[in-house]
Amino acid sequence: MTKTICDICGKVITTSSMPKDPIYDLKFCISSYGKIWDICPECREDFNRWMVIRKSEAIKEVSK
């Protein structure tokens, strides 16, 4: 049996939490040299939060 490990935190990801098609089922995917990263749900939530904060800070910076 093959284990899927999160490419960010190194935690084992259960197959039930992995999407069937990560490009179409999720808001985003990260790839390096054509290989899509395996990201656990916790890291994905953290990254989503970071993107929202980063976007709101960029909007504030532009509106100055």
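Scroll up to find the structure.
In this text the structure is predicted, and so the values were computed from the model without any measurement.

**Student:** With reference to specific residues and values, describe the overall build of the protein.
**Tutor:** When helices and strands are counted, the protein shows two helices and four strands. N-terminal to C-terminal, the α/β element order of the protein is β-β-α-β-β-α. Taking the contacts inside the protein whose residues are at least 6 apart along the sequence as the reference set, 40% of them involve residues at least 24 apart.

**Student:** Talk me through the environment of Cys-40; I want residue IDs and the actual numbers.
**Tutor:** Relative to the helices and strands, Cys-40 is located in the loop between β4 (35–36) and α2 (41–63). By relative accessible area, which is 1% here, Cys-40 ends up buried. Spatially, the C-alpha atom of Cys-40 lies 7.6 Å from that of Lys-11, the residues being 29 residues apart in sequence. Setting aside residues up to four positions removed in sequence, Cys-40 forms contacts with Cys-6, Cys-9, Lys-11 and Ile-13.

**Student:** Which residues make up unusual backbone geometry, and what values go with them?
**Tutor:** Most peptide bonds take the trans configuration, and most residues that are not glycine carry a negative phi. With phi around 55 degrees, Tyr-33 is a residue other than glycine that occupies positive phi space. Considering the arrangement of structural elements, one finds Tyr-33 in the loop between β3 (31–32) and β4. A residue is classified by how much of its surface remains accessible, and Tyr-33, at 89% relative accessible area, is exposed.

Calculation notes
Residues numbered from 1 in each chain as written. Predicted model: local features only at pLDDT ≥ 70, side-chain atom pairs only at ≥ 80, totals over all residues. Heavy atoms only, no water. Helix = DSSP H or I, 4+ residues; strand = E, 2+ residues; numbered from the N terminus. Contact = heavy atoms within 4.5 Å. Buried < 20%, exposed > 50% of the residue type's maximum accessible area, 1.4 Å probe, protein only.

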